Amino acid sequence: MKQGKVYLVGAGPGDPGLITVKGLACLKQAEVIVYDRLVDESILKEAGANAEKIYVGKSDRLHVQEQDSINKLLLEKAREGKIVVRLKGGDPFVLGRGGEEAQALATHGIPFEVVPGVSSAVAVPAYAGIPVTHRGIASSFTVVTGHKASEKGESDIEWGKLSAGADTLVILMGIGNLVNLVDQLIRNNKPSSTPVAVITHGTTGRQRCVTGTLQDIIEKVKSENLQPPSVVVVGDVVRLRKHLKWFDK
């Protein structure tokens with residue numbers, strides 16, 4: 001039996017045109033494709049006609065398969081001698097649990113490669129006309145998960161350091177926890193006048209963006225009924241959207 005191999009491929013943030021050339025090449029040779037909820041399914045048309053496609057999408061409320069099951073699936077298919085593409089939204093190693101999948105493969109001696117993807121942390125703000133860095137405004141940015149980080153519902157993120165240390169704060173998967181995120185930032189001395197943008201379904205035809213400040217963004221998001229997936233951007237670079245919002249047009 002031939003040796004199987006797994007490619008951990010970043011599909012990009014939503015726009016199918018943002019997958020990399022190497023990512024497409026992996027799809028074309030794949031015998032098995034294990035893909036996520038946020039992957040634009042039009043990308044799957046690039047796969048061979050006989051490729052097995054397995055959906056393992058996850059959201060806040062619904063997990064088609066738990067992470068341990070996904071790890072076992074990758075191992076199983078690779079042990080069958082298959083070329084497997086694990087197709088993940090954004091970049092596999094940016095809040096995508098690709099590192100956990102790579103660990104599982106390495107532990108069991110399965111060959112693998114990581115094919116980085118365009119992360120939503122930079123691409124989604126860019127499609128909203130918001131550069132995460134800009135000369136004279138922001139020379140650094142920090143990416144953080146918006147999910148609650150402990151079983152007790154308490155965050156283990158050091159919001160005090162983030163509030164003071166990051167020129168631009170990019171929060172992935174944050175809209176469902178927006179009230180708590182805003183509260184954490186204000187309680188840790190982030191001025192309530194700090195600009196905020198909430199972008200949903202970024203880089204796709206369903207993209208929507210609402211801007212405001214820490215003081216009023218919660219009500220604005222409720223009023224517009226924005227839904228996940230989302231990227232939240234906190235910082236003065238949000239003001240640039242007024243002049244740079246190219247995708248809206």
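Because the structure is predicted, anything quoted here is derived from the model rather than measured. (Residues numbered from 1 in each chain as written. Predicted model: local features only at pLDDT ≥ 70, side-chain atom pairs only at ≥ 80, totals over all residues. Heavy atoms only, no water.)

Chemist: Looking at this structure, how should I read the overall build of the protein chain?
Modeler: Helix and strand content of the protein chain: eight helices and ten strands. Here the protein chain has a C-alpha radius of gyration of 19 Å; the compact-globule value for 249 residues is 18 Å, and the two agree. Projected onto its principal axes, the C-alpha coordinates of the protein chain cover approximately 65 × 45 × 35 Å. Considering only intrachain contacts with a sequence separation of at least 6, the fraction spanning at least 24 residues in the protein chain is 68%. For the protein chain, the distance from the average position of its 31 positive side-chain charges to the average position of its 27 negative side-chain charges is 3 Å. (Helix = DSSP H or I, 4+ residues; strand = E, 2+ residues; numbered from the N terminus. Rg over C-alpha atoms; globule rule 2.2 N^0.38 Å. Contact = heavy atoms within 4.5 Å. Lys, Arg positive; Asp, Glu negative; His and termini not counted. Charge placed at Lys NZ, Arg CZ, Asp CG, Glu CD.)

Chemist: Sorry, what's going on with the pattern of salt bridges here?
Modeler: Side chains bearing opposite charge may pair, as long as their charged atoms lie close to each other. Tallied over the full model, the rule gives 15 salt bridges. The shortest N-O distance in the salt bridge between Asp 236 and Arg 239 comes to 2.8 Å. Taking the relative accessible area as the measure of exposure, Asp 236 reaches 39% and is therefore partly exposed. (Salt bridge = Lys/Arg side-chain N within 4 Å of Asp/Glu carboxyl O. Buried < 20%, exposed > 50% of the residue type's maximum accessible area, 1.4 Å probe, protein only.)

Chemist: Which parts of the structure should I look at to understand the side chain of Lys 190?
Modeler: As for its placement among the helices and strands, Lys 190 is situated in the loop between α6 (178–187) and β8 (195–200). For the buried Lys 190, which has no salt bridge, the nearest side chain bearing the opposite charge is Asp 167, at an N-O separation of 7.2 Å. Side-chain polar atoms of Lys 190 contact the backbone oxygen of Ser 163, separated by 3.1 Å. Lys 190 has contacts with Ser 163, Ala 166, Leu 185, Leu 214 and Val 234, leaving out every residue within four places of it along the chain. (Polar contact = N/O pair within 3.5 Å; in protein donor to acceptor, adjacent residues only side chain to side chain.)

Chemist: Whenever I open this one, the sheet that holds strand β6 (residues 141–145) confuses me. Can you help?
Modeler: Adjacent strands of a sheet form backbone hydrogen bonds with each other and so pair up, either parallel or antiparallel. Spatial ordering of the open sheet is given by β6-β7-β10-β8-β9, a layout of five strands whose pairing is mixed. Across the chains shown, the open sheet's two edge strands, defined by having one partner strand only, are β6 and β9 (208–213). Going from strand to strand, the sheet's axes swing by 20° on average, the running direction of each strand aside. Where β8 meets strand β10 (residues 230–234), five bridges bridge the pair, whose relative direction is antiparallel. Its bridge partner being in β10, Val 198 is matched across the sheet by Val 232. (Pairing = 2+ DSSP bridges. Axes fitted to C-alpha atoms, helices over the stretch in contact; angles between N-to-C directions.)

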